Amino acid sequence: MREPFVGREVELGVLSEALERALKYRAPQAVTVLGPLGVGKTRLVEEWLGAALPAEARLVRARAEATRAPRGLLAALLRDRFQLDGAPDEGEALDWFRAELQRVFGDRRIAEVAALLGDFLGFDLPESPLLRALAGKTEQGADLARAVLCRFLERDALDRPLVILAEDLHAADDESLALLESLVGELGEAPILVVATSRPDLLVRRPSWGAAAGAAAWARVELAPLAHDEAVALASELVEPDALPPALIERAAVESGGNPFLVRQLVDVYRSHGARAAETGEGEWLDLERADAERLALTGEDAAALRAAALTPAERDVLERGAVFGSVFWTGGVVALGRFGAAPADDASIFAPDPAIAEIRQLLNGLVERDYLVRLPESVLPGEEAWGFRHALEQTLIAAAVEPEVARRRTVFAAQWLESRGGPAREQRLEPLARLYEAGGDARRAAYCYVTAAADARGHRLLERAHVLYVAGVRLLGLEDAVAKMDALYAAGDLSARLGYTHEALAHFGEMLRLAWRLDLPAKGGAAHGRIGRLHGTLGAYAQARAHLERARQLFEVAGDLPGVAAALDDMGRIHFLGGASDASLSCHRAALALRERLGDDRGRALTLARLGQVEHEAGDLTGAGAHFREALALRRRVGDRQGEVASLLDLGALEIDLGQMDAAKARLGEGRALARDLGERLFEASFAIELGECHLAEGHPRLALEELEDARELGRQFGARGLLSEATRGAAEAALALGDLRRARDDARRAFDLATRVGSAALEGAALRVLAAAVGMGAPGEAELGGAREMFDRAVEVLSNAGAEIELGRALASYADFESRAGRRDAARELAHQAALIRVRSRRPPNEPSVSSFSQTPLG
């Protein structure tokens with residue numbers, strides 16, 4: 001048979017738009033095509049590839065195998081990219097692999113790259129010193145392998161745009177899924193498009209699939225069955241003209257439920273096993289007995305279609321009405337939909353006993369006995385019997401067979417019926433109500449239901465659920481509801497930021513900013529600029545953060561919003577603080593504090609006091625910092641600011657560490673982490689893990705420290721928070737140093753240094769240099785670019801001195817003294833140790849005047 005293709009214009013457009021973005025902006029994109037077996041996922045992609053794939057693009061494709069061998073899908077993709085399946089033997093394949101790596105990277109030093117990428121392909125490269133060094137260090141090796149894979153794909157795409165097609169993800173192994181999902185979020189600028197196909201089972205294994213890359217980079221296409229007229233068109237094109245009578249074409253379209261595979265199967269059954277010319281030569285007839293006897297082997301979709309075809313018209317009508325509500329429906333809803341569009345026979349008998357209700361109950365009970373339905377023991381609607389479809393495929397096929405306009409009108413009426421029900425559990429009905437209104441085309445009502453359901457979920461601390469619902473509401477709200485949409489965008493952006501979807505949060509606040517401009521609302525614009533600035537600070541893009549925060553301050557001033565001005569000043573001070581500009585930080589915080597006191601804003605005053613304490617802490621004024629931290633905590637507890645209380649407990653815990661009071665530090669940090677988890681403040685959890693790691697290091701427990709610091713690293717990666725990631729990685733390097741793993745200490749310290757350099761934080765850079773110098777000084781391989789241990793110590797001291805990071809400077813001087821002592825330079829060691837001791841003494845002495853400068857772990861925001 002020919003393989004025609006009908007419909008799917010919207011889905012093709014999503015794929016083409018993603019490719020256009022990838023090519024135009026050199027921004028990696030991804031699209032997941034989801035749908036049940038036979039709905040046409042592969043056919044859709046093949047049609048799109050044939051029409052839209054540029055001639056210069058490179059297509060790499062592989063299908064996941066049901067065996068789920070570890071990293072099997074990634075291995076298959078790489079084998080296809082390197083065309084290894086055509087190699088006569090493994091030795092030839094390895095030669096091809098190395099030659100292509102040489103061409104892509106353009107230099108001869110590819111041994112370590114080959115070792116890491118070759119590991120995906122099962123190549124045995126025992127000569128690689130890197131693999132020997134990583135033996136037994138599974139997580140570290142996986143991180144490096146992922147980074148090298150990203151760099152290879154980026155370099156490869158510079159030569160030719162790259163389209164990666166990964167099929168049947170529902171059958172893929174977990175490692176391949178994790179790697180593939182992380183690629184889009186970790187790839188740098190490159191024209192790369194990842195297209196994945198999967199059954200919906202994937203979302204059972206990974207409900208938040210694609211979230212790591214952010215909504216802007218990872219699109220989802222959910223293939224529904226074909227509309228009735230499209231199914232008829234497909235069935236017609238599958239046979240030669242007049243090969244089947246129109247009645248059989250129509251029957252195939254109806255019985256298939258719009259599933260393209262079933263359309264093909266049924267047409268084939270009719271054409272090959274049942275349709276015969278009548279003996280008269282006029283027309284055709286269908287031998288049903290022969291067709292049944294010679295039926296093709298059935299898939300799940302086939303069986304569902306045939307079971308649906310076995311229903312009586314009355315049974316099918318009842319199930320079609322129930323399917324309007326989704327997988328769960330109620331007797332009263334089915335009754336109401338039966339009355340939709342009808343009129344009572346006699347006004348005098350309205351609400352008299354209706355025999356139709358008993359008939360419907362009888363039909364529903366019969367369908368339970370035949371395994372189409374299940375009676376649910378509980379119902380969210382008081383006094384209503386609840387029923388559920390036993391098989392999702394049957395529900396889908398039955399619903400798809402209803403004429404679209406009839407289905408739409410029924411859906412809107414079903415939503416009205418559901419909204420009219422009283423009783424408790426209102427929030428449990430809002431989401432299904434929103435879906436009904438959306439399916440019925442009433443986007444505005446659907447949006448308000450989604451947003452209200454999101455607020456309920458947030459109130460119950462179901463943050464992931466609330467995030468999904470806010471995003472659904474935002475998608476449906478238009479310009480006619482611009483004010484409500486701005487509020488929903490702010491809530492969605494706030495949740496995205498708290499859950500670690502930083503780039504998605506930037507998109508929400510950016511859209512809010514544009515709406516505020518259209519409505520000429522400077523205060524709303526200031527709020528959007530402020531949140532965008534904070535997020536750039538989280539990402540370590542301090543120049544962009546300062547620009548947005550300055551604009552926020554200006555807009556708040558125009559609007560006469562003094563609390564907004566104070567908040568913008570505090571946020572600007574925080575960015576200056578993270579970047580090592582202590583004077584500018586102090587100036588911003590003092591101005592903010594004056595405004596807070598003038599306004600009588602205790603909550604805001606507590607924030608500013610905490611910020612001042614953070615700068616004093618790193619500048620070495622531990623007494624002044626402690627006073628400000630304690631005052632801030634008292635104010636926050638008084639006004640019920642639980643999020644602020646988390647921040648204060650983190651500040652005080654970090655302070656106790658530097659005072660050498662580890663038991664007190666662990667008590668503060670433990671209390672704060674428990675509260676952060678209760679509030680869903682995951683970014684704070686990373687900061688608490690870092691400080692607890694510091695406690696364990698100070699107490700001589702590096703393995704415990706490493707566990708905490710690795711947790712912090714994972715959260716830092718998820719949030720894209722480079723500053724936190726740098727600090728956690730530096731802490732992991734110190735733990736490795738304490739365990740005697742000098743190479744790992746050197747490698748992690750170098751990663752921390754590179755991250756700090758990209759962030760632009762002098763304090764982080766100096767801290768990483770300190771650990772890197774210590775590792776090299778103890779025998780780890782050196783860094784040609786940074787010099788030997790002594791050069792790195794000198795640079796660390798210079799960087800930290802210029803940043804005013806006194807506490808970290810004291811650590812660097814003490815570590816430098818240890819190095820010089822081991823080298824036999826005792827005079828130099830004594831002088832360095834003396835300078836470190838002076839810093840320790842100064843840090844505990846009450847200052848003559850406020851002293852402020854540089855760095856802390858408290859997250860921005």
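Bear in mind the structure is a predicted one, so any value in this text is a computation, not a measurement. (Residues numbered from 1 in each chain as written. Predicted model: local features only at pLDDT ≥ 70, side-chain atom pairs only at ≥ 80, totals over all residues. Heavy atoms only, no water.)

Caption draft 1: Representation of the packing of aromatic side chains. In the structure shown here, the tally under the stated rule is 11 aromatic pairs. Between the aromatic rings of F82 and F97, the centroid separation amounts to 4.8 Å while the plane-to-plane angle is 75 degrees, which identifies the pairing as edge-to-face. One end of the pair, F82, is in the loop between α3 (72-81) and α4 (90-105); the other, F97, is in helix α4, with 15 residues separating them in the sequence. Each member of the pair F82 and F97 is classed as buried. Ring centres 5.7 Å apart and planes at 90 degrees place the aromatic pair F325 and W330 in the edge-to-face group. On the basis of relative accessibility, which here comes to 10%, the residue F325 falls in the buried class. (Phe/Tyr/Trp six-rings, centres within 6.5 Å; stacked < 30°, edge-to-face > 60°. Helix = DSSP H or I, 4+ residues; strand = E, 2+ residues; numbered from the N terminus. Buried < 20%, exposed > 50% of the residue type's maximum accessible area, 1.4 Å probe, protein only.)

Caption draft 2: Highlighting the pattern of salt bridges. A complete count under the given rule lists 66 salt bridges for this structure. A salt bridge links R713 to D748, with the nearest nitrogen and oxygen atoms 3.4 Å apart. Here R713, found in helix α34 (residues 702-719), pairs with D748, found in helix α36 (residues 742-759); they are 35 residues apart in sequence, far enough to count as distant. Here the salt bridges share partners, and the residues they tie into one network are D658, E694, E727, R730, E734, R770, E808 and R811. (Salt bridge = Lys/Arg side-chain N within 4 Å of Asp/Glu carboxyl O.)

Caption draft 3: Representation of the sheet that holds strand β9 (residues 373-375). Reading across from one edge, β8-β10-β9 is the order of the 3 strands in this open sheet, with antiparallel pairing throughout. On the outer flanks of this sheet lie β8 (328-330) and β9, each paired with one strand and no other. Ignoring which end each strand starts from, the neighbouring axes of this sheet average 30 degrees apart. Direction of pairing for β9 relative to strand β10 (residues 386-389): antiparallel, over a ladder of 3 bridges. Across the sheet, residue L373 finds its bridge partner in β10, namely F389. (Pairing = 2+ DSSP bridges. Axes fitted to C-alpha atoms, helices over the stretch in contact; angles between N-to-C directions.)

Caption draft 4: Geometry of a negative patch on the surface. Where like charges cluster on the molecular surface, the negative patch consists of D89, E90, E92 and D95. Within the secondary structure layout, D95 lies in helix α4. (Patch = residues over 30% accessible without salt bridge, like charges linked within 9 Å, V, L, I, M, F, W, Y side chains within 5 Å. Areas by Shrake-Rupley, 256 points an atom, 1.4 Å probe, with all protein chains shown as cover. Lys, Arg positive; Asp, Glu negative; His and termini not counted. Charge placed at Lys NZ, Arg CZ, Asp CG, Glu CD.)

Caption draft 5: Looking closely at the packing of helix α23 (residues 482-499) against helix α24 (residues 502-518). Packing of α23 against α24 brings their axes to within 8 Å, and their N-to-C directions diverge by 160 degrees. Between α23 and α24, the interaxial angle falls into the category roughly antiparallel. As α23 runs across α24, the sense of the crossing is left-handed. For the pair formed by α23 and α24, the contact residues are A482, K485, M486, L489, Y490, A492, G493, D494, S496 and A497 on the first element and T502, E504, A505, H508, F509, E511, M512, L515 and A516 on the second. (Parallel < 35°, antiparallel > 145°, perpendicular 65-115°, else oblique. Left-handed = near helix turned anticlockwise from the far one by under 90°. Contact = heavy atoms within 4.5 Å.)

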